[in-house]
Amino acid sequence: LTLRNVVFHKNRSDDQGGALYNDFNAATRCEQVIFTQNHARNQGGAVAQLSGRASSYLNTIFYKNTVSIGAGAALFHQSASEADQPVLTNTIVYG
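It should be emphasised that the depicted structure is a prediction, and the values quoted were computed from it without experimental measurement. Along each chain, residues carry numbers from 1 onward, in the same order as the chain's sequence is written. pLDDT decides what is reported in this predicted model: residues at 70 or higher carry local features, side-chain atom pairs at 80 or more are listed and counted, and totals for whole chains, interfaces and linings draw on all residues regardless. Hydrogens and water molecules were not included; the side-chain quantities draw on all heavy atoms of the structure.

A. Representation of the overall build of the protein chain. Runs of H or I in DSSP of at least four residues are treated as helices and runs of E of at least two as strands, each being numbered from the N terminus. What the protein chain contains, in helices and strands, is zero helices and 14 strands. When its helices and strands are written in sequence order, the protein chain yields β-β-β-β-β-β-β-β-β-β-β-β-β-β. Dimensions of the protein chain, computed from C-alpha atoms along their principal axes, come out at roughly 30 × 25 × 20 Å. Burial classes: relative accessible area under 20% of the type maximum marks a residue as buried, over 50% as exposed, and values in between as partly exposed (1.4 Å probe, protein chains only). Split into buried and exposed, the 95 residues of the protein chain put 39% on the buried side. Any pair of residues with heavy atoms lying within 4.5 Å of one another is described as a contacting pair. Taking the contacts inside the protein chain whose residues are at least 6 apart along the sequence as the reference set, 80% of them involve residues at least 24 apart. Surface accessibility follows the Shrake-Rupley procedure with a 1.4 Å probe radius. Residue values consider only the protein chains on display as shielding. Accessible surface for the protein chain amounts to roughly 5100 Å². Of this, 48% is attributable to carbon and sulfur atoms. A gap of 11 Å separates the mean positions of the 7 positive and 6 negative side-chain charges of the protein chain. Asp and Glu are treated as the negative residues and Lys and Arg as the positive ones, with His and the ends of the chain left uncounted. Think of each charge as sitting on NZ of Lys, CZ of Arg, CG of Asp or CD of Glu.

B. Layout of the packing of aromatic side chains. Between rings of Phe, Tyr and Trp, where Trp is taken as its six-membered ring, a pair exists when centres lie within 6.5 Å; planes separated by under 30 degrees are stacked, by over 60 edge-to-face, and by other angles tilted. Under the counting rule described, the total for this entry stands at four aromatic pairs. The interplanar angle of 5° and the centroid separation of 5.1 Å between the aromatic rings of Phe-8 and Phe-35 together place this pair among those described as stacked. One end of the pair, Phe-8, is in strand β2 (residues 7–9); the other, Phe-35, is in strand β6 (residues 34–36), and 27 residues separate them in sequence. Among the aromatic residues, those joined into a ring-pair cluster are Phe-8, Phe-35, Tyr-57 and Phe-62.

Such coordinate-based values are descriptive only and should not be taken to indicate function.
In structure tokens form, the structure reads like this:
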């Protein structure tokens, strides 16, 4: 899954991944994407990446994303391998 020049603003999930949820054994690549004020009840206020595949974020902004009771207000990434951890390049996470 590759996303370029996209804005996710004020999306909501009653479970995981307020703006983006990926559990399809596919890597996520975000380039120049803005995630702002998204919310998930459990994990990944902006993004929940549960496929265990590496994801990358280039020139991406995470701003004021939240979760109610879970982990990863901006990004929740579940992986069994250290090699599959997300890579953030020139990416800002704040708020």
